[in-house]
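An overview of the molecular structure
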Amino acid sequence: MSASRHPALLSTDPELASFVAAEEVLQAQTLRLIPSENYVSAAVLEASGTVLQNKYSEGYPGRRYYEGQQNIDRVEALAIERAKGLFGVDHANVQPYSGSPANLAVYLAFAKPGDTVMGMALPMGGHLTHGWGVSATGSWFRGVQYGVRADTGLIDYDAVRDLALAERPKLIFCGGTALPRTIDFAAFAEIAREAGSILVADVAHIAGLIAGGAHPSPVDHVDVVSTTTHKTLRGPRGAMLMCREEHAKAIDKAVFPGLQGGPHNQTTAGIAVALHEAAQPSFTAYAHQVVANAKALAAALLQNGFDLVSGGTDNHLILIDLTGKDVPGKIAAKALDRAGIVVNYNTVPFDPRKPFDPSGVRIGTPSLTSRGLSTEHMPLVADWIARSVDAAAKGDERALAAIRAEVTDLMAAFPAPGLPLS
Ligand SMILES: *Cc1c(COP(=O)(O)O)cnc(C)c1O
């Protein structure tokens, strides 16, 4: 339907063009609930596909190893200024290729191989790069891990403090990929101060909520803020590291030349545009609507008899615990996909099942909010999820197909940013 949007691609490589066109249809027709995904605006999409792609620019604005940087320097300087203004930080590095390399740069800046580092355990909602074993950060460093309380599903700050004082880690990471509740950055700061640790807030998931004032900011409490740019912040796939002036040199040196070569200038341009968009009043409204939608969806899921980790949400994310249902996470996720509802299966804290076949489903509201869905639609979304899980338990493919038709119908009424009208 939309292959003509990319005429050069269509004529040079029709096979590849057909895959892109099919993805446009998929993204337009489905209800996308993966909490780390979003729809970038048409402006971000255009900026990310420019001739800035053609330029090498190792170094930083005004200090490059290649000539011809007249325009590139302005692009990167603009992205940096916008990041500083939006988040209220002294220093921003917009070059990390993605969230994982951004975090690796933090290790390079502040730790030596073998040093002890501390983060939330992956199955509790942490990220691989917070010292988990299968990640380079867990094999080159000695990772020690904290979790949530079994009774509340909330971070156990007393246990975090005990572990930090016993281990005195070089780095403490707070933040994660499956945390439905507000992070108490001040509490982490107190613990890091007592333990003599560098504190890193990894706000990859919630950066857009912070920018829009819908989640407290870590900036006054932590040494380094690490974030991706492509989740709630609604920019291109990339990342940023932000810090006070005292850490600026260490962070910049770690990103380049420590870890990376030339920055992806087309991505930097897309980040600049996304930061501009995130500074508008409409984005503040967006961030608050994401949270309102998540709370409404959580309430509707509870009414449908689902268990939610921590009993609900404060942010954009909901972790459904299917331990009490007949259907484990993976089977539910695959059935939901057939119903046109895209989620991911996920471990829940203290999961009795294996990580590749866990008990949870992780969902979130950033994408549906970008399409303009609001709280009044959330009971319907919860109903679709309940019917899909039910259909999965009964192996009822016809029910899933019927839900898919309903989903496609509603989505047609809420066109997605950056996508052709379906
Ligand atoms: C998504 C995420 C990352 C990693 O980002 P990638 O761009 O996928 O490498 C790091 N930390 C947290 C908390 C994340 O949610």
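Attention in this report is confined to the structure presented alongside it. All values derive from a computational prediction rather than experimental measurement.

Before going further, it helps to spend a moment on the site of the ligand. Close to the ligand lie 13 residues; Ser98, Gly99, Ser100, Asp202 and Lys231 are nearest. At 2.7 Å, a side-chain N or O of serine 100 approaches an oxygen atom of the ligand. A distance of 2.5 Å separates a nitrogen atom of the ligand from a polar atom in the side chain of aspartate 202. Bound to the protein, the ligand loses 86% of the 380 Å² it would expose on its own. For the shell around the ligand, the element with the most residues is helix H5 (residues 99–110), which contributes 3 residues.

Right, let's talk about the sheet that holds strand S12 (residues 317–321) for a bit. Reading across the sheet, the 4 strands line up as S11-S12-S15-S14 and stay open at both edges, with antiparallel pairing between neighbours. A single partner strand is all that each edge strand has here, and the edge strands are strand S11 (307–308) and strand S14 (344–346). Sheet analysis places S12 next to strand S15 (residues 360–364), joined by 5 bridges and oriented antiparallel. Residue pairing across strands places leucine 319 opposite arginine 362, the latter belonging to S15. Packing against the sheet, helix H13 (residues 329–338) makes contact with S14 and S15, and its axis sits at approximately 45 degrees to S15.

Each value, and the rule that gives it
- Residues numbered from 1 in each chain as written.
- Predicted model: local features only at pLDDT ≥ 70, side-chain atom pairs only at ≥ 80, totals over all residues.
- Heavy atoms only, no water.
- Near = heavy atom within 4 Å.
- Polar contact = N/O pair within 3.5 Å; in protein donor to acceptor, adjacent residues only side chain to side chain.
- Areas by Shrake-Rupley, 256 points an atom, 1.4 Å probe, with all protein chains shown as cover.
- Helix = DSSP H or I, 4+ residues; strand = E, 2+ residues; numbered from the N terminus.
- Pairing = 2+ DSSP bridges.
- Contact = heavy atoms within 4.5 Å.
- Axes fitted to C-alpha atoms, helices over the stretch in contact; angles between N-to-C directions.

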